[in-house]
Amino acid sequence: MKDYDVVGRKKGVSAGHVVAVIVICLFAAFFLFPFYWMITGSFKPMASVTASSLEIFPSTLSTMNWEKLFKYPAFKWLFNSMFTAFGTMVLVCFTSAMAGYSLAKKQYPGREALFWLFVGMMTLPRQVLLVPLFTMVSKWGWLDSFEGLIFPAVGWPFGVFLMKQFSQTLPTELLEAAKIDGCSEFRTFWDIVLPLVKPGMGALAIFTFMTSWNDYFWQLVLIQSTPMKTLPLGVAGLQMEWGTDYGLLMAGGTASSLPMIVVFLAFQKYFTKGITLGAVKG
Amino acid sequence: MKKSFQAKMRDWLPGYMFLLPAMFFFILFVVYPMIKGITISFYDYTATKYEFTGFSNFTYLLKDENFIKSMQNTILFVIGNVPLVLIFSLFVSIVIYNKSEFTRSFFRATFYLPAVSSIVTISIVWKWIYSPRGGILNKIMESFGAQPINWLGDERYALTAMIIILFTLSVGQPIILYIAALGNIPKDYIEVADLDGATPWDKFKNIYWPLILPTTLYIVIITTINSFQTFAIVQLLTGGGPFYRTSTILFTLYKSAFELQNYGLASAMGVILAVIVVIISVIQYKYLSTDVEY
């Protein structure tokens, strides 16, 4: 970027701008601080966690809290969260990719109405379905199970909407050419459509994973036994049990947010894409 | 040439087949429970009985002090959080949208971090920060000579303390949306304005603001809807207290369903929440259809 604009005024270094950048950096520190505090807190011995002096940099470190955390089935909780999020992600991606392709590129009566049915339900707060879903799922014996965690989350209209938006950009000529070459419907989808919608599916995959990982409300009502808990739920349980053992809670908090943070930092591009794609107008 | 019905069906069938799996899950786990939920809201449905009672759940709720309080609190969460989110995300985005890719992704990531980490994590870290015993906020205040405050336990501060947490959870997505929207504004608009000697305020008022208006409306709507659904931070931090100062509609719904087993009443609350959210969505579609082209 040039330092001067066309009429010779200096660009981007006004006092107001400098102040604005400083303010944003302060806010960034404010946002990052809880994470710093949590990670260092997880390594602080009990005494220093509740010490009355202000100690921003820990003076003594210990792994006591982590050892205590793993007296609980924390690895099982981690596995439960991973399995649930991954299962939901795979199912949402495939059903949404197929439905999105169908709604964007296929011709049949009722298509518009069905699309609007999906869109119309998109903003419906899921929690409204809580009681009926809970009674349904308990009648089927799905309480405390992966079926109960995964399947109800697959009926997620946002995924269909996102994939429909994305499939609209597919070149129709290519699909017609495949048909003329005698490609079966399923092969057209599998070999031509899927590779082309991969970036959209990447965005959706990460979004679904995150939503599932953070679906605290549903997990809370569905899961009853300790070994079936997801990681956030397990940590929430520690919170109920050890309300003020902040060292242990910070270890739990670090464990339950770290996987998502790593996924986010690695795939930031797709998160951004998913968010902006989901918000496109029309 | 007219095609026979069979031939038409052959053309249509693949479309329906591809839609089927998503439709199956959608009808089974969204449409059907929704209809069922509306039905239940007209019943006196508890662990022991299931009896049609018309609108009595709704008329009961309109007079129920706890529900009215949780409704008021929910609205306070919304009107406290939405302007904060809007102003802050717009400010951050305008300052950083034309910076280097590295700067943009650094701030995008920083402000989105609370939203990606588990909500349980955010809640317990803040619980510790606010804690009257050993919480860092009070330690900092004491080092400046101020009196310690029981942030989450004091009626005067609890709601504000909770709104700050909700704010950190909410700003990530709006910032990403604004950065994208601002990046789409053609550079020559700005150059022409510069040639005309426009001040930064002129440029904001006449170029940026009108062009990002659809994004702004979208952000207002999603932030409003999300604020209406505040639950986890309440359940994990205050349990609705002190004196129902922080209980929300969803928290009250959860309590009446799973602590009192009053499913009919809980469903009625759900219906009320859904109606509010649907009204907001309708307004969304109305405004978004007046689209700005660029």
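Because the structure is predicted, anything quoted here is derived from the model rather than measured.

Quick look at the overall build of chain A now. From N to C terminus, chain A includes 14 helices and zero strands. Along chain A, from the amino end to the carboxyl end, the secondary structure elements read α-α-α-α-α-α-α-α-α-α-α-α-α-α. Relative to the globule expectation of 19 Å for 282 residues, the C-alpha radius of gyration of chain A, 24 Å, shows a markedly less compact shape. Expressed as lengths along the three principal axes of its C-alpha atoms, the size of chain A is roughly 75 × 75 × 35 Å. When each of the 282 residues of chain A is scored for burial, the buried share is 54%. Within chain A, counting contacts between residues at least 6 apart in sequence, those at least 24 apart form 72% of the total. Summed over all atoms, the accessible surface of chain A reaches about 12,500 Å², with 69% contributed by carbon and sulfur. The distance from the centre of the 21 positive side-chain charges to the centre of the 15 negative ones in chain A is 5 Å.

Next up on the list: helix α6 (residues 136-143) of chain B. Among the residues of α6(B), those classed as buried are B:Ile136, B:Asn138, B:Lys139 and B:Met141. In the core, the buried residues of α6(B) are packed alongside α1 (15-42) and α2 (46-49) of chain A together with α5 (119-130) of chain B. Of the residues one or two after α6(B), B:Gly145 is the one with positive phi, at around 85 degrees.

Below, the discussion takes up the nonpolar core. The biggest cluster of nonpolar side chains holds 189 residues, and the ones touching the most others in it are A:Tyr216, B:Phe111, B:Tyr112 and B:Phe231. Per-element tally for this core: the top contributor is helix α10 (residues 185-213) of chain A, with 13 residues. With near-sequence residues (within four places) excluded, B:Phe111 lies in contact with A:Ile24, A:Phe27, A:Ala28, A:Phe31, B:Phe88, B:Val92, B:Thr168, B:Val171, B:Gly172 and B:Ile175.

Bringing the interface of chain A and chain B into the picture now. Listed as interface residues are 102 residues of chain A and, on the opposing side, 96 residues of chain B. Each partner contributes to the roughly 8,700 Å² buried at the junction of chain A and chain B, and carbon and sulfur atoms together form 79% of this total. Connecting chain A to chain B are zero salt bridges. Connecting chain A to chain B are 11 residue pairs in polar contact (both at pLDDT 80 or more). Of all the elements, α1(A) adds the most residues to the side of chain A that touches chain B, at 17 residues.

Moving on to the packing of aromatic side chains. For the coordinates displayed, the defined rule picks out 65 aromatic pairs over all chains. A ring pair is formed by A:Phe31 and B:Phe167, whose centres lie 6.2 Å apart and whose planes are at 70 degrees; its orientation type is edge-to-face. In this pair, A:Phe31 sits in helix α1 while B:Phe167 sits in helix α7 (residues 158-170), so the two residues belong to two different chains. For A:Phe31, a relative accessible area of 2% gives the class buried. Judged by relative accessible area, which is 6%, B:Phe167 ranks as buried. Plain terms: the ring middles of A:Phe115 and A:Phe161 are 6.3 Å apart, the flat faces sit at 15 degrees to each other, and that makes the pair stacked. In this pair, A:Phe115 sits in helix α5 (residues 111-121) while A:Phe161 sits in helix α8 (residues 157-167), placing the two residues 46 residues apart along the sequence. In this structure, A:Phe115 and A:Phe161 share a single accessibility class: buried. A connected cluster of aromatic rings, assembled from ring pairs, spans A:Phe27, A:Phe30, A:Phe31, B:Phe88, B:Phe106, B:Phe107, B:Phe111, B:Trp126, B:Tyr130, B:Trp151, B:Tyr157 and B:Phe167. Sitting above the plane of the A:Trp242 ring, A:Lys68 keeps its charged end 4.4 Å from the centroid. Over the face of the ring belonging to A:Phe115 we find A:Lys164, whose NZ or CZ atom lies 4.0 Å from the ring centre.

So, about the environment of A:Thr50. By the secondary structure assignment, A:Thr50 is in the loop between α2 and α3 (64-69). For the pair A:Thr50 and A:Tyr72, spaced 22 residues apart in the sequence, the C-alpha separation amounts to 23 Å. Apart from residues lying up to four places away in sequence, A:Thr50 is in contact with B:Arg133 and B:Gly134.

On to the side chain of A:Ser81. Mapping A:Ser81 onto the fold places it in helix α4 (residues 74-105). Those residues in contact with A:Ser81 that sit more than four places away from it in its chain are A:Trp213, A:Thr230, A:Leu231 and A:Pro232.

Residues and elements named next belong to chain A. Among the surface-exposed residues, Phe86, Val90, Phe94, Phe186 and Trp190 lie close enough to one another that they form a single nonpolar patch of about 490 Å² accessible area. For the nonpolar patch, the element with the most residues is α4, which contributes three residues. For phenylalanine 94, a relative accessible area of 31% corresponds to the partly exposed category.

The next point concerns the pattern of salt bridges. Residue and element names in this part refer to chain B. Counted according to the given criterion, the structure contains eight salt bridges over all chains. With its nearest N and O atoms 3.5 Å apart, the salt bridge here joins arginine 108 to glutamate 101. Looking at glutamate 101, the relative accessible area reads 43%, which means it is partly exposed. In this structure, aspartate 194 engages lysine 203 in a salt bridge whose closest nitrogen and oxygen atoms are separated by 2.9 Å. For lysine 203, a relative accessible area of 16% corresponds to the buried category. The network of salt bridges with shared partners includes Glu101, Arg104 and Arg108.

What counts and how
- Residue indices begin from 1 for each chain and proceed along its sequence in written order.
- Labels are handed out in written order, letters beginning with A for the chains and numbers beginning with 1 for the ligands.
- For a predicted model such as this one, the threshold for reporting local features is a pLDDT of at least 70, and the threshold for listing and counting side-chain atom pairs is 80 or more; totals across whole chains, interfaces and linings nevertheless cover every residue.
- For side-chain calculations, the full set of non-hydrogen atoms in the structure is used, while hydrogens and water are omitted.
- Secondary structure elements follow DSSP: runs of H or I of four or more residues count as helices, runs of E of two or more count as strands, with numbering from the N terminus.
- C-alpha atoms define the radius of gyration, and 2.2 Å times the number of residues to the power 0.38 defines the globule rule.
- Relative accessibility thresholds used throughout: buried, under 20% of the residue-type maximum; exposed, over 50%; partly exposed, between the two (1.4 Å probe, protein chains only).
- Any two residues whose heavy atoms approach within 4.5 Å at even a single point are treated as in contact.
- The accessible surface values rely on the Shrake-Rupley method and a 1.4 Å probe; as for residues, cover is taken only from the protein chains in view.
- The positive count covers Lys and Arg only, the negative count covers Asp and Glu only, and His and the chain ends enter neither.
- Note on charges: their place is set at NZ of Lys, CZ of Arg, CG of Asp or CD of Glu.
- Side-chain atoms within 4.5 Å are what join buried Ala, Val, Leu, Ile, Met, Phe, Trp, Tyr and Cys residues into a set we call a nonpolar core.
- The quantity reported as buried area is the accessible area (1.4 Å probe) lost by two parts once they are put together, taken as the sum for both.
- Here, a salt bridge means any side-chain nitrogen of Lys or Arg that lies within 4 Å of a carboxyl oxygen of Asp or Glu.
- Identification of polar contacts relies on pairs of N or O atoms within 3.5 Å, with a donor-acceptor requirement for protein atoms, meaning one able to donate a hydrogen and the other able to accept it, and with residues adjacent in sequence counted only if both atoms are side-chain atoms.
- Centres within 6.5 Å make a pair out of two Phe, Tyr or Trp rings, where for Trp the six-membered ring is used; the pair is then stacked when the planes are under 30 degrees apart, edge-to-face when over 60, and tilted otherwise.
- Cation placement over rings: the criterion is NZ of Lys or CZ of Arg within 6 Å of the ring centroid and within 35° of the ring normal.
- Candidate patch residues must exceed 30% relative accessible area and have no salt bridge, after which like charges are joined if within 9 Å and Val, Leu, Ile, Met, Phe, Trp or Tyr side chains if within 5 Å.

Fair warning: the whole summary comes from geometry, so function is off the table for now.
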